[in-house]
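Summary of structural features
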Amino acid sequence: MHLPLEGVKVLELARTLAGPVSGQMLGDLGAEVIKVEQPGRGDEARHFSPPDWEGESCYYLSSNRNKRSITVNLKTKQGKQIIHELAKDSDVLIENFRTGATEKLGIDYETLKEINPQIIYLSVSGFGRTGPEKDRAGYDILMQGYAGLMSTTGEPGVPYKAGPSVADLTTGILGALGVLAALLARGKTGEGQFVDSSLLDGQIMTLNHLATGFFATGQSAKPMGQGHNSIVPYQVFKASDKNIILAAANDNLWEKACKAMGWEDLLQVEEYKTNQLRVANRDQLIPILAERFAQFTSDEIVTRMDEAGVPCGPVNAVGEAVTSPQSVARETMVNVDHPKIKDLKTPAFPVKLSDTPASVRHHPPLLGEHTEEVLFSLGFTGEKISRMREDGVL
């Protein structure tokens, strides 16, 4: 069985999360990924813990499978030469340095495309590589705030970040999408290109209707706590034992939900007849629903709603989510053979391909695990490699 990106070579000069996620997704689809890390310390994500597993950061383990690791000091002349040699034969390069850093190191797109005109150069950054704030550093929590996400979460006056690093993850996924589009384009033109994926752009995209709504009304969306600004009821409710989600996203589902719970009386109230009316009267309706749901267990509510075809479910803890029968059946976690960790599991590639499914072929590499292997393939001798280690190049 052939993988979609079999034969594609990726050179990853990225660290932490967004860039490595792009590299891992391409690797899952069959690309050969060489991860270049700082000698002695490596990717910063190796040190983001707890949690860790047998001394390895779970943060790093979850975003770096299907890669080989080499250590190269990019600030040395020989280190730069190694990158240039690798770039000659690479289809894709991924980097997430501060704006201007790659030019100083001599590994920027303009330099590398002279070496390899077909290279696709994915540049991941906080604010993008153009615009008045392109030189600013950007981390996930900063961009969740800057790009508006946190202004729409939590209770009024108390913004909350999302638990996972959604800005980084979104940017990494979109970066991989950009690379795939560029590979398709290169198949037609024979030329590579520069791909610019930023945390800001990705987060603005995820604002979706909230962003469009601002231009329609001139008003910014406000945090709604557990509710939704445009749909009622579409939120968390507390059952007698745990929290559940009810997503009655249209009038038909609202009617089904009321009948499932035996609350036909609510269907007779004029103020609740349509979604627009329910939104306008949410302060009246939500307390009524909250009081009624509290009289039932979560299982009772979910069972009734499922039978009626109304979207409803529990608020699961992470452990409940990843071990649920549905998650197990969907193989949402994948087993990875690792030299240090028995039974390592990481989140699987999230899209199922019927004929060319993604695969796990290599464990998240130990720091510099493949340095000699890769350099030997470039024609370096053992003596030369030893001397470069002594000189701090590797």
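Residues numbered from 1 in each chain as written. Predicted model: local features only at pLDDT ≥ 70, side-chain atom pairs only at ≥ 80, totals over all residues. Heavy atoms only, no water.

In terms of helices and strands, the protein carries 18 helices and 13 strands. Each of the three principal axes of the protein carries a C-alpha extent, and together these read 85 × 50 × 40 Å. For the protein, the proportion of its 394 residues judged to be buried stands at 44%. Sequence-distant contacts, at least 24 apart, represent 69% of the contacts inside the protein between residues at least 6 apart. In the protein, the 40 positive side-chain charges and the 50 negative ones have mean positions that sit 3 Å from each other. (Helix = DSSP H or I, 4+ residues; strand = E, 2+ residues; numbered from the N terminus. Buried < 20%, exposed > 50% of the residue type's maximum accessible area, 1.4 Å probe, protein only. Contact = heavy atoms within 4.5 Å. Lys, Arg positive; Asp, Glu negative; His and termini not counted. Charge placed at Lys NZ, Arg CZ, Asp CG, Glu CD.)

The next subject is the domain arrangement of the protein. Taken domain by domain, the protein consists of domain 1 (9-206 + 330-391) and domain 2 (243-314). Computed from C-alpha atoms alone, the centre-to-centre distance between domain 1 and domain 2 is 44 Å. (Domains from an automatic or database assignment.)

Pro50 connects to Pro51 through a cis peptide bond whose omega is 0 degrees. Looking at the secondary structure, you find Pro51 in the loop between β2 (32-37) and β3 (52-53). The phi dihedral of Asp343 falls on the positive side, at around 60 degrees, and the residue is not glycine. By the element assignment, Asp343 lies in the loop between β12 (333-336) and β13 (344-347). Residue class for Asp343 comes out exposed when judged on its relative accessible area of 54%.

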